[in-house]
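These are the residues of each chain, in order.
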Amino acid sequence: MKALGTSISTWHKWDMDTDDQGAQAPHWYADWDTQFPEVIERIAQDGSNSVLIHVNYTLDKKDSTLSETEITPDQENIEDGLQASIDAGLQPILYPTITLPDWGGSQLWDNAAGGPVTIQDPDQWFNDYTDIILSHAVLADKYNLPYLSIGCELGTITESHGEQWNELINNVKTIYDGPLMYSSHVDPRWNSFEPNDLVFYDNIDVIGFNLYLETDSASKDLTHIVEAAGKPVMFTEYGFAGPNQDIAFNEFLAQWKDADLEGMFAWDLAPAFDEDVGSLHYNIWETQAMDIVADAYQEINEDEGMSPVYKFENTVTGTDFFTISEVEAQIVADMDQFESQGIGFYAHESEGTAVYRHFDTTTGIHSYESEIKNDFYEGIAYYSVDLFA
């Protein structure tokens with residue numbers, strides 16, 4: 001298993017900077033004052049190595065234009081979110097999502113019409129969508145992101161217009177040279193299996209599955225669907241709603257945690273929209289399901305030879321100190337200026353991409369870099385997970 005993580009959706013004005021101001025809730029229906037860095041740190045502590053950041057855009061069904069809305073984070077906000085994720089030891093993945101106005105559905109399904117969405121002006125749609133994806137490609141290249149999603153659940157537009165899709169993907173590849181991914185809605189109840197119809201199937205590297213099953217179907221064998229994809233599969237969204245949400249997550253993860261998947265992302269890290277947690281929605285923030293996901297991810301990490309990286313706050317400088325050494329962690333814990341923050345994230349002790357620890361004697365601050373700076377170099381802090389490997 002390469003990528004392990006949780007989804008964060010920008011379904012509200014998701015302020016991903018670190019100023020502790022602005023709306024923080026990723027959902028329109030809940031007041032949530034939890035700050036983005038806190039959410040990211042919790043994801044890392046729970047055993048994730050990645051985070052899937054949904055960036056929402058809106059489709060105008062009449063003129064086929066795609067636009068940002070008040071819920072779409074701006075460029076600066078997105079970059080803040082990417083950097084905060086990286087600083088927490090996670091590898092973020094940008095995940096563009098197209099919704100309908102007033103939460104009337106997605107591009108895959110129009111709730112009001114009770115059917116799939118038809119794009120009235122494909123040329124206009126591709127013009128706007130190309131701008132979105134190329135802007136994500138620039139960020140994916142700048143931050144060396146492990147994957148680039150070129151879309152999810154886009155419906156019938158993915159079954160035709162091969163020339164325009166190929167042009168888009170070729171333009172992306174001039175900017176970003178990592179693996180490309182597209183995520184499909186997969187539902188065995190409706191025989192829904194979008195990968196079969198993707199006109200650009202041969203030009204992508206990973207098929208994402210968005211799986212939302214009934215809680216009593218969590219243990220259903222879907223191996224044949226995964227194999228039918230014909231490419232590496234990532235569960236870009238998996239989730240359950242209902243009073244047995246925790247049981248469903250437990251059964252699902254028991255089946256898939258040892259599978260040969262590209263990765264898996266639980267949906268969705270957000271609070272309940274009322275006190276009846278887990279009965280009306282897929283959100284897992286501070287639920288039993290969240291603990292079950294954490295236990296499974298930590299077990300996967302241990303099986304793959306990863307160890308916890310311990311995090312301390314330097315109360316004098318206000319900066320963080322990390323060590324993968326349990327012995328060093330015990331020593332640091334006894335030092336007055338350091339306060340333990342528990343497990344920061346998981347990493348390798350001897351394989352992957354080396355992260356070098358430096359100590360500036362003039363400021364008393366430790367820093368962690370991908371390259372050695374000889375004046376302040378202390379040694380290798382840990383090896384980060386290399387999702388490209």
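Refer to the structure printed above.
Since the model is a prediction, treat every value here as computed from it, not as a measurement.

Conventions used here
- Residues numbered from 1 in each chain as written.
- Predicted model: local features only at pLDDT ≥ 70, side-chain atom pairs only at ≥ 80, totals over all residues.
- Heavy atoms only, no water.
- Helix = DSSP H or I, 4+ residues; strand = E, 2+ residues; numbered from the N terminus.
- Buried < 20%, exposed > 50% of the residue type's maximum accessible area, 1.4 Å probe, protein only.
- Contact = heavy atoms within 4.5 Å.
- Areas by Shrake-Rupley, 256 points an atom, 1.4 Å probe, with all protein chains shown as cover.
- Core = buried A, V, L, I, M, F, W, Y, C linked by side-chain atoms within 4.5 Å.
- Pairing = 2+ DSSP bridges.
- Axes fitted to C-alpha atoms, helices over the stretch in contact; angles between N-to-C directions.
- Expected span 1.5 Å × (residues − 1).
- Phe/Tyr/Trp six-rings, centres within 6.5 Å; stacked < 30°, edge-to-face > 60°.
- Salt bridge = Lys/Arg side-chain N within 4 Å of Asp/Glu carboxyl O.
- Patch = residues over 30% accessible without salt bridge, like charges linked within 9 Å, V, L, I, M, F, W, Y side chains within 5 Å.
- Polar contact = N/O pair within 3.5 Å; in protein donor to acceptor, adjacent residues only side chain to side chain.

Q: Help me understand the overall build of the protein chain in this model?
A: Each helix and strand counted, the protein chain has eight helices and 16 strands in total. Residues classed as buried in the protein chain amount to 54% of the 389 residues present. The contacts of the protein chain with a sequence gap of at least 6 include a subset with a gap of at least 24, amounting to 71%. Looking at the protein chain as shown, the accessible area adds up to about 17100 Å², and 44% of this sits on carbon and sulfur atoms.

Q: I'm lost on the nonpolar core in this one. Help?
A: The nonpolar side chains of a soluble globular protein tend to be buried, and buried together. Counting residues in hydrophobic clusters, the biggest one holds 87 residues, and the most contacted among them are Trp125, Phe209, Phe235, Tyr238 and Phe249. No other element matches the eight residues that helix 3 (residues 122-142) contributes to this core. One finds Ala3, Ile93, Tyr147 and Cys152 within the second-largest nonpolar core, a separate group that totals ten residues.

Q: Hey, could you run me through the sheet that holds strand 16 (residues 377-384) in this one?
A: Two modes of strand pairing occur in sheets, parallel and antiparallel, and in both the strands are linked by backbone hydrogen bonds. Strands sit in the order 15-14-16 across an open sheet of three strands; the sheet is antiparallel. What marks the edges here is a single partner per strand, and that holds for strand 15 (365-369) and strand 16. The average angle at which neighbouring strand axes cross in this sheet is 30 degrees, direction not considered. Of the pairings in the sheet, the one linking strand 14 (residues 353-360) to strand 15 comprises five bridges and is antiparallel in character. The residue bridging Arg357 from the neighbouring strand is Tyr368, located in strand 15.

Q: Would you mind showing me how to read helix 2 (residues 75-87) here?
A: Three or four residues apart is the spacing at which side chains of an α-helix point the same way, because the helix has 3.6 residues per turn. The terminal C-alpha atoms of helix 2 lie 18 Å apart, and with 13 residues this matches the ideal 18 Å at 1.5 Å per residue to within 8%. Tucked inside the fold, the buried residues of helix 2 contact helix 1 (36-45), strand 2 (50-59), strand 4 (91-99) and helix 3. Note on helix 2: the residue one or two positions beyond its end, Gly89, has a positive phi of about 90 degrees.

Q: Honestly, the packing of aromatic side chains in this entry has me stumped. Any pointers?
A: The geometry of two aromatic rings is summed up by the distance between their centres and the angle between their planes. Per the counting criterion, the structure on display carries 21 aromatic pairs. Relative to Tyr377, the ring of Tyr356 has its centre 5.8 Å away and its plane inclined at 70 degrees; by these criteria the two rings are edge-to-face. Of this pair, Tyr356 sits in strand 14 while Tyr377 sits in strand 16, and the two are 21 residues apart along the sequence. A residue is classified by how much of its surface remains accessible, and Tyr356, at 18% relative accessible area, is buried.

Q: Explain the pattern of salt bridges to me, please; I cannot follow it from the model alone.
A: Opposite charge on two side chains permits them to pair, given that their charged atoms come into close proximity. Summed over the entire model, instances satisfying the criterion amount to ten salt bridges. Across the pair Arg42 and Asp291 runs a salt bridge whose closest N-O atoms are separated by 3.5 Å. Taken together, the positions of Arg42 in helix 1 and Asp291 in helix 7 (residues 288-303) put the pair 249 residues apart, joining distant regions of the chain. The exposure class of Arg42 is buried, given its relative accessible area of 18%. Overall, the relative accessible area of 41% leaves Asp291 in the partly exposed class. What you see here is one network of salt bridges that share partners, running through Glu41, Lys311 and Asp320.

Q: When you look at a nonpolar patch on the surface in this model, what are you seeing that I'm missing?
A: On the surface, Val327, Ile331 and Met335 cluster together into a nonpolar patch covering about 270 Å² of accessible area. Here Ile331 shows up in helix 8 (residues 326-333). Owing to a relative accessible area of 52%, Ile331 belongs among the exposed residues under this scheme.

Q: Where do I start with unusual backbone geometry in this structure?
A: When glycine is set aside, most residues are seen to have a negative phi, and most peptide bonds are trans. Even without being a glycine, Asn144 presents a positive backbone phi close to 55 degrees. The class of Asn144 is exposed, set by a relative accessible area of 54%. Unlike most non-glycine residues, His161 shows phi in positive territory, near 60 degrees. Checked against the element boundaries, His161 lands in the loop between strand 5 (148-152) and helix 4 (162-173). In this structure His161 comes out as partly exposed when scored by relative accessible area, which is 29%.

Q: Whenever I open this one, the sheet that holds strand 12 (residues 319-323) confuses me. Can you help?
A: One open sheet accounts for three strands, arranged 12-11-13; its pairing is antiparallel. With one partner strand each, in any of the chains shown, strand 12 and strand 13 (338-347) form the two edges of the open sheet. Averaged over neighbouring strand pairs, the angle between their axes works out to 30 degrees when direction is ignored. Here strand 11 (residues 307-314) runs beside strand 13; their pairing, made up of seven bridges, is antiparallel. Paired with Asn314 across the bridge in strand 13 is Phe338. Together, strand 11 and strand 13 form the strand contacts of helix 1, whose direction differs from that of strand 13 by roughly 60 degrees.

Q: Quick question: what am I supposed to make of the pairing of strand 12 here?
A: Strand residues, when the strand is regular, have side chains that alternate between the two faces of the sheet. With five bridges connecting them, strand 11 and strand 12 associate as antiparallel partners. Its bridge partner being in strand 12, Asn314 is matched across the sheet by Thr319. What sits between the antiparallel neighbours strand 11 and strand 12 is a turn of four residues, in which Gly318 has the positive phi angle 75 degrees.

Q: Is there a simple way to explain the side chain of Ser307 in this structure?
A: With respect to the helices, strands and loops of the structure, Ser307 is situated in strand 11. Within the structure, the side chain of Ser307 is placed 2.9 Å from the side chain of Glu349, a separation counted as a polar contact. Residues in contact with Ser307, not counting those within four places in the same chain, are Ile324, Phe345, Tyr346, Ala347 and Glu349.

Q: I'm lost on helix 3 in this one. Help?
A: With 21 residues, helix 3 should reach 30 Å at 1.5 Å per residue; the first-to-last C-alpha distance of 30 Å fits that figure. Here helix 3 has its buried residues at Pro122, Trp125, Phe126, Asp128, Tyr129, Thr130, Ile132, Ile133, His136, Ala137, Leu139 and Ala140. Elements in contact with the buried residues of helix 3: strand 2, strand 3 (66-67), helix 2, strand 4, strand 5 and helix 4. Trailing helix 3 by a residue or two, Asn144 shows a phi angle of about 55 degrees, which is positive.

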